[in-house]
Amino acid sequence: MSEVVKARKSAGPDPGQQFVKAYRIMLSARVLEEKLAALYRAGKIKGGVFLGRGQEALSVSVGIHLHQGDIFAPLIRDQAGRMAFGDTILDTLRTYLGSSLGSMRGRDGNIHRGRPREGYYAMISHLGAMIPTVAGGLLARRFRGEHGVVGATCLGDGGTSTGAFHEGLNAAAVERLPLVVVVANNQYAYSTPNTRQFACADLVDKAIGYGVAGHKVDATDLEACLKTVGGAIAAARAGGGPQLIVGDLLRLVGHGEHDPGKYIDPKLRKQHVGRDCLEVAGAVIVEKGWATKEDLAQWRAEVKAEVNTTANRVSREPEPDPGEEDWCAVSNRELEDNFA
Amino acid sequence: MSVTYLEAIKAAQDKALADDHRVFIYGQDVGNFGGAFKATEGLAQKYPGRVLDSPLSEDAIMGMAIGAAIEGARPIVEMQFADFSTCGLNQIINHAATLYYRTGVNCPIVVRLPSGGTPGGGPFHSQSMEALYAHYPGLFVVTPATVEDAYSMLLGALEIEDPVIFCEHKFLYNHLKADSLPTESLPIGKARIARPGRDATIVTHSAMLHEALAAAEEIAADGFQVEVVDLRSVKPLDTDTVLASVARTGRLLCVSEAFPWGSVCAEVIARVTAEGFGLLDAAPQRLNAKDTPIPYHPALWGTHRPTASAVASAARQLLKG
Ligand SMILES: Cc1ncc(C[n+]2csc(CCOP(=O)(O)OP(=O)(O)O)c2C)c(N)n1
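Residues numbered from 1 in each chain as written. Chains lettered and ligands numbered in written order. Predicted model: local features only at pLDDT ≥ 70, side-chain atom pairs only at ≥ 80, totals over all residues. Heavy atoms only, no water.

### What to know about the sheet that holds strand E9 (residues 192–195) of chain B
All names here are of chain B.
Moving on, step 1. Read from one edge of the open sheet, five strands run E9-E11-E10-E13-E14, paired in mixed fashion. Sheet topology places E9 and strand E14 (285–287) at the edges, where each strand pairs with a single neighbour. Neighbouring strand axes in the sheet, compared pairwise and without regard to direction, differ in orientation by 25° on average.
Moving on, step 2. Note: strand E13 (residues 252–255) against E14, three bridges, orientation parallel. Across the sheet, leucine 253 pairs through a bridge with glutamine 285, a residue of E14.
Moving on, step 3. Contacting strand E10 (200–204), strand E11 (226–230), E13 and E14, helix H11 (residues 308–320) crosses the sheet at an angle of about 160° to E13. (Pairing = 2+ DSSP bridges. Helix = DSSP H or I, 4+ residues; strand = E, 2+ residues; numbered from the N terminus. Axes fitted to C-alpha atoms, helices over the stretch in contact; angles between N-to-C directions. Contact = heavy atoms within 4.5 Å.)

### Examining the interface of chain A and chain B
Moving on, step 1. Each partner contributes to the interface: chain A provides 45 residues, whereas chain B provides 44 residues.
Moving on, step 2. Of the roughly 3600 Å² buried at the junction of chain A and chain B (both faces included), carbon and sulfur atoms supply 60%.
Moving on, step 3. The interface formed by chain A and chain B contains two salt bridges.
Moving on, step 4. Across the pair B:Glu71 and A:Arg141 runs a salt bridge, and its minimum N-O distance is 2.6 Å.
Moving on, step 5. Going through the elements one at a time, helix H6 (130–143), helix H7 (163–174) and helix H13 (333–336) of chain A are the ones with two or more residues in the side of chain A that touches chain B.
Moving on, step 6. Per element, the largest residue contribution to the side of chain A that touches chain B is 10 residues, and it comes from H6(A).
Moving on, step 7. Here the side of chain A that touches chain B is composed, by residue class, of 25 nonpolar, 10 polar and 10 charged. (Buried area = accessible area lost by both parts, 1.4 Å probe. Salt bridge = Lys/Arg side-chain N within 4 Å of Asp/Glu carboxyl O. Nonpolar A, V, L, I, M, F, W, Y, C, P; charged D, E, K, R; others polar.)

### Topic: unusual backbone geometry
Moving on, step 1. Going from B:Lys235 to B:Pro236, the amide bond is cis rather than trans, its omega being 5°.
Moving on, step 2. For A:Trp327, which is not glycine, the phi torsion reads 50° and is therefore positive.
Moving on, step 3. Summarising the element assignment, A:Trp327 is placed in the loop between helix H12 (293–315) and H13.

### Description of the layout of surface pockets
Moving on, step 1. When its volume is computed, the largest pocket comes out at roughly 440 Å³.
Moving on, step 2. The wall of the largest pocket is formed by 27 residues, among which A:Leu75, A:Ile76, A:Arg77, A:Leu127 and A:Gly156 lie closest to the centre.
Moving on, step 3. The residue inventory of the lining of the largest pocket, partitioned by class, reads 14 nonpolar, nine polar and four charged.
Moving on, step 4. Approximately 300 Å³ is the volume found for the second largest pocket.
Moving on, step 5. Counting residues per element, the ones that place at least two in the lining of the second largest pocket are helix H5 (130–134), strand E12 (233–235) and helix H9 (264–276) of chain B.
Moving on, step 6. When residues in the lining of the second largest pocket are grouped by element, the largest group, four residues, is from H9(B). (1 Å grid on protein atoms, 1.4 Å probe; cavity = no way out; pocket = protein on both sides within 12 Å on 5 of 7 lines; lining within 4 Å. Points joined across faces, edges and corners; volume = space filled by probe spheres on them.)

### A look at the sheet that holds strand E3 (residues 179–185) of chain A
Residues and elements named next belong to chain A.
Moving on, step 1. Taking strand neighbours across the sheet as the criterion, the five strands line up as E1-E2-E3-E7-E6 in an open arrangement whose pairing is parallel. The open sheet has two edge strands with one neighbour each: strand E1 (71–73) and strand E6 (213–218). Across the sheet, the axes of successive neighbouring strands diverge by a mean angle of 20°, strand direction being ignored.
Moving on, step 2. Taken together, the six bridges between E3 and strand E7 (residues 243–248) define a ladder with parallel strand orientation. Opposite asparagine 185, over in E7, you have aspartate 248 as the bridge partner.
Moving on, step 3. Sitting on the sheet, helix H3 (residues 56–65) is in contact with E1, strand E2 (151–156), E3, E6 and E7, with an inclination near 170° to E3.
Moving on, step 4. With respect to the sheet, H6 is in contact with E1, E2 and E3, its orientation differing from that of E2 by roughly 175°.

Shape is all these values report; function is a separate question.
Next up, the structure:
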């Protein structure tokens, strides 16, 4: 760690410190996902692998501004946000590799993991579905007299076309719930470009239709993301009702590791929107003198070592055993007995 | 004093709201208006802030209920008509039904579905969805046929830590009356012998119970005693009580108001033939609604769904076989 960062750390929180913390989480997410991709190519992962490459800045900004006791329902490309909210390298690898010790016990996998009791909701595949779910969680918190909590969920540009997005945002707005919906407008939904996804000028305009505060951000810029997302989360926390944030960026990989993403227009990669947020943020750190290039390389090497050690450990853990599985979908065993 | 089926449902919700501060009711027009059928009338005034009008958004209603349940609340959702629950189907079958299995976190939700046909209800206000929901692991599906069951099974459903689809029948709302509400009741998951008999068994549930009982009465004049089993709950399905009845009578007719393909009747007959083939003296029969959308005109509707006389003639056929 550079002397400047050490000095600032002891001087208390400042924007540089938060930026560096966010960067290091982004880096961990990136390195972990590189490992997941390698494991996928080696045939070691049970299902699909979906990467958040290029989306780390927006995602981490959500997780980093949430407090313990808040609700977070991340989506496919939110490895960075998940880690900022407390998810670990260990549990990520356990879930992807199908270890029975993972939070989902092999019953669900990869991006569908969560620990709902800790406010970390486990997404279902159906896009948009987590918006009303988080809203309901917030409603229950309100019934309990809890104030100052926030619920956040993320989705892509494709997800904004679902009924659940409209219904959920509208219902949350009616109740003025502290819900923050973060849209990663990564230009494609699977292979479908924005031009075939929506006809409005800008997705953030949808906020007006629901009576919701709308925010727009350049999601290749970590500093802008931290500021915009942090501001929106603070506004929701202070009672400002639902917030919609739209971050513009480019998905730098295919939809999943099975998809080479050939449909991505190469011109987009050369534009501002196609910048790699991790590289951009790293350059800012070096430029501001918060750390050196060597520090950055060292951080990467540290995470890589941790990821590799953890992957080796997890690969020796037991897989779920069908003989031990109770094959019961309800908690009420007495009634379940009648199902036979 | 006399209580209707609808009043029993309201009374159960009133008791639940009074007894358990975690309970709240969410649905279209359930607040000051008291619900399209008045099943929540007066409750918003009595429990301020706990009986909430929702927007016209079945998907959001169910999603909100699931989130609230994750956080420890006990939501009762009123779907205005069972038919519209299909707009919330994704949240029910993919989210509520899978939550416990996937995450170990309970999803204690009661979804009230005003179900079944009424004269003039037509294709979109008359459907019986119990087989659809019973298809999915992780959901309980109950179909009370009496005032007493409407009350006690709704309270029972609220005690279950898993999602319960509560199919209440609209035709019964103001049609059925009981002298009083029960203090004791059969648990959810148990079927009931609604009328004992020795010559044939009719297995049924919900509003068809009353058609089956009328049919049994009619056939009694011919000298046959038909046993009527009220399933009460569709999932769990009390196969033991059904098999015990078939063991006594040797003949089975299953009657349900739903469409025939993959209906509750299909499931009951599959189980009885698999587990009790040797008990049968004749091929088991079923009687369902016709395999068309539910017609609007009362004359067509009255023929579309099984009636007491249709049940009686199916039972007479079975007794001949
Ligand atoms: C309701 C629904 N329909 C279809 C899918 C299949 N699907 C999974 S991801 C995806 C594309 C999503 O695009 P977007 O919301 O823009 O997110 P991105 O993948 O670009 O991050 C599709 C079509 C789904 N998960 N849910």
